[in-house]
Structures are given as structure tokens and as C-alpha cells.
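# Observations on chain architecture
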Amino acid sequence: MNSFDRLPTDGARAVPIAEDARSTASAGAQPERLLILEAGRTERNYWRDLWYYRELFAMLAWRDVSVRYKQTVIGIVWAIVRPLLTMVVFTIVFGNLAKLPSDGAVPYPVLVFAGMLPWFLFSSILSDASNSIVSNANLISKVYFPRLIVPSAAGVVALVDFAINIVILFAIMAWYGFMPNWQIVFLPLFVVLAVLASLGPALFITALNVKYRDFRFIIPFIVQFGLYVSPVGFSSAVVPDAWRFWYSLNPVVGVIDGFRWCLLGGESQLYMPGFLASLAVVAVMLWLGIRHFRKTEKTFADLI
Amino acid sequence: MSDVVIRADGLGKRYLIGHESERERYIALRDVIARGARNLMRSASDMMRGRQLIVGDEVEEFWALKDIDFEIKRGEVVGIIGRNGAGKSTLLKILSRITEPSTGRVEIRGRVASLLEVGTGFHPELTGRENVFLNGAILGMTRAEIRRKFDEIVAFAEIEKFLDTPVKRYSSGMYVRLAFAVAAHLEPEILIVDEVLAVGDAEFQKKCLGKMGEMAHHGRTVLLVSHNMMAVRQMCRRAIVLRAGSIVFDGAADSAVDNYAVNQIDRSPRETWLRPASRPIEALGFSKIDATISGRQPDHVLECKIDLESVAEFASAFVAIDILDEVGVALMQALPTVQPFILGKPGRHHIALDVQLPPLVPGTYTTEFWVGSHNTQTLDVVRDEIAFEVLETPTPGRTFPHTRDHGAIVPKSVQQYSFLGSSDRLTEAHVSEGRRPE
């Protein structure tokens, strides 16, 4: 009697043990490690941690994307209307009224759109990421994860809009019968460059924004000025040669020039010294941004 | 490798808080402008030096935690108890890496999941299904893990029908059930939980406690912060009592709860009210009231020492004490006598009253002290000045929290009768009736 009683119980208990084994196995890719928390201590496993949280990154990015156009009437069409209208205005103002020259034989709208593509990518990452930590305050103060995930995930939304815009660009190019050259294979590299160029200042400002909300008001200014300071509505060949190198210290100049070089084939030339200067500025800013972000991210929960 | 999974060593956490100093509260426009300019200068210089911005003129250091040392072994279930502001949540925040300690260090072995809030990161626009995945990822589950447990989570939350409805359309009960269901299916090596059980209806809370107990029995290390003393007693073998940022007790859960309750009686419920000069007595009024809780549930007593002062002639009077709940609903009135026993002449009176309290559910209660000559003629009332807190449940063995929809008072005892031999047959009868005809 007694032994009969015990049998099913043992069987039932075997289930959770098996489950335990499985869950340890899933976490087992990462052997049990010693975690030390101390004031001012920088995490040694930071980058591995970041990799460990890649699924959270994907989920947050997916959340931002799927929530973006909820409860709007025209939904995703907003992603098309905004750049299209900007292009029309810029073409009229810079191309028709100011009569600025295009690069070679490139139709002016195509020139504008090819410049706007990276600019919108840059500016949306900058503004979305900067506010991302503050707007996810409830997460920051309740759960641990490498904070770098939040602004990076916000950047993914900008990439989705970018993907839509690039389809529009190809449609416009087809409309004007303009064919890209072999250089277009380098486009992905320049997309990465645009993301890195925006991530540097974005991370820096994100971290500052947690402490000083002033930056929330500064960002729209940067975006507004940047649109005119960067060669979005015009070709950077318009800039006098003596100024060209200094002009290229604006990292967006290198990015936009790179995009035009890829997309518009041989018509727009890459100004090498300027481009390298842009690259260097991007690298320095990225380094500064990540360094500052990592130095301050542990205090986010206290300051937010 | 030792068996210690968490070791805290001299842990401390400091916050800076600002005050507005008394003399700075000017009204004149000139002063307001001058102060504004000064604040601006200070903020700007703080920012230049990369310091935190603090509102107010005086900055004070505040230690939320100080010199905390403890060790937690693998498989231990430890309760952390203490009053609001004792540093419990700060401790959990440090252990779950949300904030870093100001002093000391912590060593942690193993994968930690922390549950400081139910439904962290739920997005109102997303559906129940989407939120399960989102919340799961936030709590540190992998997507494969969530997919594997998805059906179980949905069944636990009892929301199958509304899986594809945005959670902003959920009732608050459904929302909380779904949120807890996700959390309950976490399988970390170390689980850190903060008071999440204080949500949902009683039925669901019972289910949650059961789930937590199950987790504890599977050899997981659990740290539980709770105000629910019975839950701590039942689930934890060990408990740490925090007071004002320091550990005042660390040991067996039963002794910890006793220690906490005793400390509680020593400290907070003793309340003294002194008549402010701004409220002079007209004829007869209270000049001082002193109230203390003594004894433990269900035999606790509110001991009142009342000083009355009369400055004019009045019709003889008597006193009454009302006990009210947090929102000001009167629960009961204590009337020592209906005879006017305070003679209507100028002078001082000292009265001591022991009010035998009924078994009260945990919560904060306030009082109203009344004196008058007739039930329609009030001479003085002191309302909401004296409050006391009840911490332990009056029902022995109750582990699920009390909710106010079942009242504030429980009977002193409930007699239980069972009818011999009938209950078994009754169940059988139900079972056979409930079966479908074949």
C-alpha cells in the first residue's frame, strides 16, 4: 500500500527536477559567475552582458516600432509624407529659387532626397534616443539591464523609417530614369556610418538628459539648425574649397557625401580629406558618447 | 566554492536631498527674482561640475542604508521586513543592480531576477499576448522560454479570451493577473521580490503565494520584502529586520516578526497631541492627549491619557473616542459613560481611558476625541491628530492580505461545527450528480 502510494509521487516530483535541469542548461551557456557590486566599479562583463540581453533589445525595438503608428488614421503613410513634403519644399527653395547647382546631371529632387535619407536617419536617432531613457523611466527604476539597450533600440525605429524612405528614393530615381552605379554596393557601410555618427552624440546627450532635462529642449534646436548647416538641401560641392575641410568636421557632411557618392553614381565625387576628417570626428564622438554613457548609467535610477 | 550566494559587506547608500530653508520663503517680487537668479547661478555651476541638480537651498545627506552586512546561502528564503522608509526597497534595488551602492560591496553568484513591481514595462497599446513576450524579456526570460511557458502563463492569468485585446482595455484585475502570471513563471537562481503580492483579489493572492512557496521549495534562493507578516512567517525560515537603514535583527523568521512587532509598539503608535496656541479653548477643551497601543492582537488596547482644561462655566460634559479608518469612515465609538462626569467649572481634569480594541485588520487608523455636554452639544473635537498602525493580522494563520472590501474588523472567534459523517457523502453525492449522463 505504502509503496504504491509513493510511486506516483516520485514520478510527479521528477518533472520539476527535469525542468530545473533544462533551465540550468539554457542558462548554462554562461557558467555561474561571480558578480561584484561596488561603488564606482565598472562592469567587466559589460559587452557580454549586452549580448546576453540581445533579446530584450529586439523586444524593445519591436515595441517601439509597433507602437509608433498605433491609433493614427493614416498609419505608416506618415513615414512617407514627411520626407516627401520636405523634399518638395527643399527642391523649390534651393533648386528653383536659389538656383543652386546639382551634382553633375543629377535631378535636383534626387539630390535632395539622397541627402535627406541619412539626415532623417541621423536626426531621428538623435532625438528618439536622447529622450528614450527618460521616457522609459519606469523600466530603468525597476529592472536591471545594460542601459545602452534603450537608446539603441530607439534607433531601430529610425532604421525602419529609413528602409521605407529608401524605397521612395528608388521610386523617385525610377521616375526620373536615373540609374545608380556599382558604388551602390557600399550603401550598407554608409548606413552603418550614419548610425554610428548619430549614436555618439545621442548617447552623450541621453546620459546628460537624465541629469539635466535642459537637453530635452536643446535637441530640437540641434535638429533644426543641423538641417540647414548640413548639405541636405544642396550639394556640399557648393561650399568654397577653402572651407570644405573645416565644413567636413560636421560628421553629417561625411555621411551625406558618402550616401550621395553611393547612390548618385559617378555624378557626385567624394572629397577625401573631408571624408576622413568626418570619419575621425564620428569615431571620437562615438568613443566619448559610450564612455560617458557607461560612466553615468549606474546612477540613472537615482537621478531619473 | 562556498555555498553563499549573496554576501553584503558594509553596504551603504547615500542620497542627497534638498530643503527650502525657512528664511528663504520671501513674498516680495524683488526677493523672488533675486532668489531665482541665485538658483540659476548655482544650477549652472552644479552642471559645470557635473553635479546633481537639487531643489532647495540646503542640501542634506541622507543614508537610506548604512553598514549592512549579511550572507545568504543557496536555497534560503529570506524575508526582509521593516517600516516604510527603513531601506528595504533600496536594498533590493542594489541587489538587483538597478542602482549602485555608495559604500561597501556585494558579491552575488548566479542569475538574478528581480520583481520590484508587477507588470514592469507593460505597454497599454500592445495586446496581452505581445505584453507577455515583452514583459518576459524585460524580466530576463529568453523568447524560447516564454514560448514554452506561454500556455501555462495564460491559463494562470485566466485571460484566454482577451489575449488579443490591447491591455489598455483590460480591467485592472485582469491586468494584474496577467502581469503576475508572467512573473510567476520566472525561473532564476536567485529571485528578489518586493511586495508584489499586495495586488489582485484575495483568491488570486492565495494562488500567487502558493506559486511563490512552490518556487521556494525547488531550492531557489528567494529574497522577499513584505508587510505581510503572516506570509513572511510562513514562507521564510529566516528574516532580516531593517530600521532606519540598519539591520536590527537577523535570524529566525518567527523571532524577526516578533522583534519587528515589539519594536513597532515601542516606537510609532505612541502619539501625543498638544493643543496649539492658535486654537484657544472656549469653555472646555482638550489640552493634551497621549495615546499608546499596548498588547498584541486580538487583545490590544488603546491607552489614552487625556488632559482637559476649562476656562468658563459650562453644562457638565462627557467624552467619546471614535476610531476611524484611513479614509475617515468611523468604525466604532468608545463611550466610557453616558453620564456627564466633568463638572462645568473652570479647572483642569485628567482622565485615563483604556479602550479595548476589536480585532482590526492591518492598516492605519485615526481617532476623534470628542467632549460635549449632550450628544448635540459639542464643546471640543480633536480629529485626525492621533493615529496608530496595526501591523499583524488578527486572524491566526491568515497568509493572504486583507482587502478592505471585507471590512476592517474581524470577529474575535468563529465557532466551527462539523456534522459527523455527512461531509464525505455530500462530496460523493455532488460528484455523482455532476457527472454527465453517458
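Computed from a prediction, not measured in an experiment: that's the story for all the values here.

It is worth spelling out the overall build of chain A at this point. Each helix and strand in chain A was counted, giving 13 helices and one strand. Per-residue burial for chain A yields a buried fraction of 40% across its 304 residues. Contacts in chain A between residues at least 24 apart in sequence constitute 81% of all its contacts with a sequence separation of at least 6.

This paragraph deals with the sheet that holds strand 15 (residues 347–356) of chain B. Residues and elements named next belong to chain B. Ordered in space as 10-11-12-15, the four strands form an open sheet in which the pairing is antiparallel. Edge positions in the sheet fall to strand 10 (271–274) and strand 15, since each of these pairs with one other strand and no more. Strand-to-strand, the axes of this sheet are offset by a mean angle of 10°, without reference to chain direction. Of the pairings in the sheet, the one linking strand 11 (residues 284–294) to strand 12 (residues 301–310) comprises 10 bridges and is antiparallel in character. Bridge pairing in strand 12 links Asp290 to Lys305.

All names here are of chain B. Strands sit in the order 5-6-7-3-8-9 across an open sheet of six strands; the sheet is mixed. The outermost strands of the open sheet, each flanked by one partner alone, are strand 5 (112–115) and strand 9 (246–252). For this sheet, the mean inter-axis angle between neighbouring strands, taken without regard to orientation, is 15°. Across four bridges, the pairing between strand 3 (residues 77–81) and strand 8 (residues 238–243) is parallel.

Counting residues at the interface gives 38 residues for chain B and 30 residues for chain A. Counting only elements with at least two residues in the side of chain B that touches chain A, the list comes to helix 2 (88–95), strand 4 (103–109), helix 3 (128–138) and helix 4 (143–157) of chain B. If you tally residues by element for the side of chain B that touches chain A, the top one is strand 4 of chain B, at six residues. Among the residues making up the side of chain B that touches chain A, the classes are represented as 14 nonpolar, 12 polar and 12 charged. Where strand 1 (residues 34–38) of chain A and strand 4 of chain B come together, five bridges link them in antiparallel fashion. In the strand pairing of strand 4 of chain B, Leu37 of chain A is matched with Val106 of chain B.

Interface size, as often reported, equals the accessible area lost upon joining of the parts. One can read the domain layout of chain B as domain 1 (11–63), domain 2 (65–267) and domain 3 (271–390). Relative to domain 3 of chain B, the C-alpha centre of domain 2 of chain B lies at a distance of 41 Å.

Next up on the list: the pairing of strand 7 (residues 221–225) of chain B. Residue and element names in this part refer to chain B. Most of strand 7 sits out of view: five of its five residues are buried. When strand 3 meets strand 7, the two strands line up parallel, connected through four bridges. Counterpart to Val77 in the pairing with strand 7 is Val222. Pairing geometry for strand 6 (residues 190–194) and strand 7, over five bridges, is parallel. Looking at strand 7, one finds that Asp194 is bridged to Val225.

Moving on: the packing of helix 3 (residues 54–68) of chain A against helix 7 (residues 149–175) of chain A. All names here are of chain A. It is at 8 Å that the axes of helix 3 and helix 7 come closest, and there the two elements cross at 45°. As judged from the angle between their axes, helix 3 and helix 7 are oblique. When the axes of helix 3 and helix 7 are compared, the crossing they make is right-handed. Residue-level contacts link Leu56, Phe57, Leu60, Ala61, Asp64, Val65 and Arg68 of helix 3 to Ile149, Val150, Ser152, Ala153, Ala154, Val156, Val157 and Val160 of helix 7. Residue composition of the contact of helix 3 with helix 7, by class: 12 nonpolar, one polar and two charged.

Okay, the confidence of the model for chain A next. Residue and element names in this part refer to chain A. When the pLDDT values of chain A are averaged, the result is 82; 88% of them are 70 or greater. Mean pLDDT values for the elements of chain A range from 36 in helix 1 (residues 2–27) up to 92 in helix 8 (residues 187–211). Here residues 1–30 scores under 50 on pLDDT; set against residues more than four positions off or in separate chains, the count is seven contacts.

What follows concerns the confidence of the model for chain B. A low pLDDT score tells you not to read the predicted coordinates there in detail. All names here are of chain B. Per-residue pLDDT for chain B has a mean of 81; in total, 87% of the residues score no lower than 70. Below pLDDT 50 for its whole length, residues 426–438 participates in zero contacts with residues either more than four positions away or in separate chains. Taken together, the chains of this predicted complex give a pTM of 0.71 and an interface ipTM of 0.78.

All names here are of chain B. Over its 13 residues, helix 5 (residues 172–184) runs 18 Å from end to end, which matches the ideal 18 Å to within 8%, given 1.5 Å per residue. Burial analysis of helix 5 places 10 of its 13 residues in the buried class, the great majority of the element. All buried positions along helix 5 are accounted for by Tyr175, Val176, Arg177, Leu178, Ala179, Phe180, Ala181, Val182, Ala183 and Ala184.

Conventions we followed
Position labels on residues start from 1 in each chain and follow its written sequence. Chains and ligands are labelled sequentially in the order written, the chains with letters from A and the ligands with numbers from 1. Residues qualify for local features only when their pLDDT is at least 70, as the model is predicted, and side-chain atom pairs are given and counted only at 80 or more; totals for whole chains, interfaces and linings, by contrast, use all residues. Helix and strand definitions follow DSSP, with helices as H or I runs of at least four residues and strands as E runs of at least two, each counted in order from the N terminus. With C-beta atoms placed from the backbone, the exposure class of a residue follows from how many other C-beta atoms lie within 10 Å of its own: 20 or more, buried; 12 or fewer, exposed; in between, partly exposed. Throughout, a residue-residue contact means that the two C-beta atoms, derived from backbone geometry, are no farther apart than 7 Å. DSSP calls a pair of strands paired once it identifies at least 2 bridges connecting them. Axis geometry follows a simple rule: fit a line to the C-alpha atoms, using only the stretch in contact for helices, then measure angles between N-to-C directions, giving values from 0 to 180 degrees. Under the convention adopted here, Pro, Cys and the residues Ala, Val, Leu, Ile, Met, Phe, Trp and Tyr are nonpolar, Asp, Glu, Lys and Arg are charged, and Gly plus all remaining residues are polar. As annotated, the domain borders come from an automatic or database domain assignment. Angles below 35 degrees are treated as roughly parallel, those above 145 as roughly antiparallel, those between 65 and 115 as roughly perpendicular, and all remaining angles as oblique. Two helices cross in a left-handed way if the nearer one is turned anticlockwise from the farther one by less than a right angle. They cross in a right-handed way if the turn is clockwise. Per-residue confidence from the predictor is given as pLDDT, running between 0 and 100. Expected helix span is computed as 1.5 Å times (number of residues minus one).

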